[in-house]
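Residues per chain, in single letters:
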Amino acid sequence: MTIDSFRPAATRILDPIARSVANKGISPNALSVGSLVCAALAGISFYFSVDNPLSALIAILFVALNSFLDALDGAVARYLRTDSKKGDFLDHVIDRYSDVFIICGMFFGGHVHWQIGTIAIVCVLLTSYLGTQAQALGIGRFYGGIMGRADRLVLILIASLAYYIYSEAIFGYTIIGWSLVVIAIGSHITAIQRMASIWKRL
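Here goes a summary of the coordinates provided. (Residues numbered from 1 in each chain as written. Predicted model: local features only at pLDDT ≥ 70, side-chain atom pairs only at ≥ 80, totals over all residues. Heavy atoms only, no water.)

**Section: the pattern of salt bridges**
Move 1: Enumeration according to the criterion identifies 4 salt bridges in this entry.
Move 2: For arginine 96, the salt bridge identified is with aspartate 99, shortest N-O distance 3.1 Å. Taken together, the residues span about one helical turn, with arginine 96 and aspartate 99 both in helix α4 (residues 85-108) at a distance of 3 residues.
Move 3: Classification of arginine 96 by relative accessible area gives buried; the value is 17%. (Salt bridge = Lys/Arg side-chain N within 4 Å of Asp/Glu carboxyl O. Helix = DSSP H or I, 4+ residues; strand = E, 2+ residues; numbered from the N terminus. Buried < 20%, exposed > 50% of the residue type's maximum accessible area, 1.4 Å probe, protein only.)

The structure is reproduced here in structure tokens:
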């Protein structure tokens, strides 16, 4: 079971917050841009965390804020009834840039060899592409597979906290580095699962 299966429960929690935020005049697009800024700051924090584990704690804060704002912007848009194709497009673009900032920050900083980091970000982007491609083909946004975006972010949060507690390398990579190995493998499997499922539906 992936984290996305808890989406209905998360929506019930977010809706009251969304109403409060919307009533203060904060737009969904502003929240989306805020989530992008948090992702960029998380990437920078991860870059410096190899020599400074405290930066990993700062990265945790920004990753959590990125996730929260990313979920909140949609809830606010639904509450205001301003959800649109344009907003959906902006949300997907920002999500992909956020993935790039966070994951590239992790391997640019040296937590893992760049080859593995490259495989990880390519598999993540491919997985996300397949989810939106299903939507483009008219069968709805597809979140299936063992490692969706929420799963990746939870794994990154746990690995970052573990790295702060124990920052020594394990078989050549830090705990954050090994989380990228898991993300690379899990995202590749997810891409295959999504391809198979979409093909079957078509």
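On we go from here.
**Looking at unusual backbone geometry**
Move 1: Although it is not a glycine, phenylalanine 171 adopts a positive phi angle of roughly 55°.
Move 2: By the secondary structure assignment, phenylalanine 171 is in the loop between α6 (149-165) and α7 (175-201).
Move 3: Judged by relative accessible area, phenylalanine 171 falls into the exposed class, the value being 81%.

**Observations concerning the packing of α4 against α6**
Move 1: In contact at an axis separation of 12 Å, α4 and α6 are set at 30° when each is read in the N-to-C sense. By the criterion of interaxial angle, the relationship of α4 to α6 is roughly parallel. At the point where α4 passes α6, the crossing takes the left-handed sense. Two secondary-structure elements touch here, α4 through Asp95, Arg96, Ser98, Asp99, Ile102 and Met106 and α6 through Arg149, Arg152, Leu153 and Ile156.
Move 2: Its residues assigned to classes, the contact of α4 with α6 shows 4 nonpolar, 1 polar and 5 charged. (Axes fitted to C-alpha atoms, helices over the stretch in contact; angles between N-to-C directions. Parallel < 35°, antiparallel > 145°, perpendicular 65-115°, else oblique. Left-handed = near helix turned anticlockwise from the far one by under 90°. Contact = heavy atoms within 4.5 Å. Nonpolar A, V, L, I, M, F, W, Y, C, P; charged D, E, K, R; others polar.)

**A closer look at the environment of alanine 150**
Move 1: Here alanine 150 is to be found in helix α6.
Move 2: The class of alanine 150 is partly exposed, set by a relative accessible area of 23%.
Move 3: Taking the C-alpha atoms as reference points, alanine 150 and isoleucine 192, 42 residues apart in sequence, are found 18 Å from one another.

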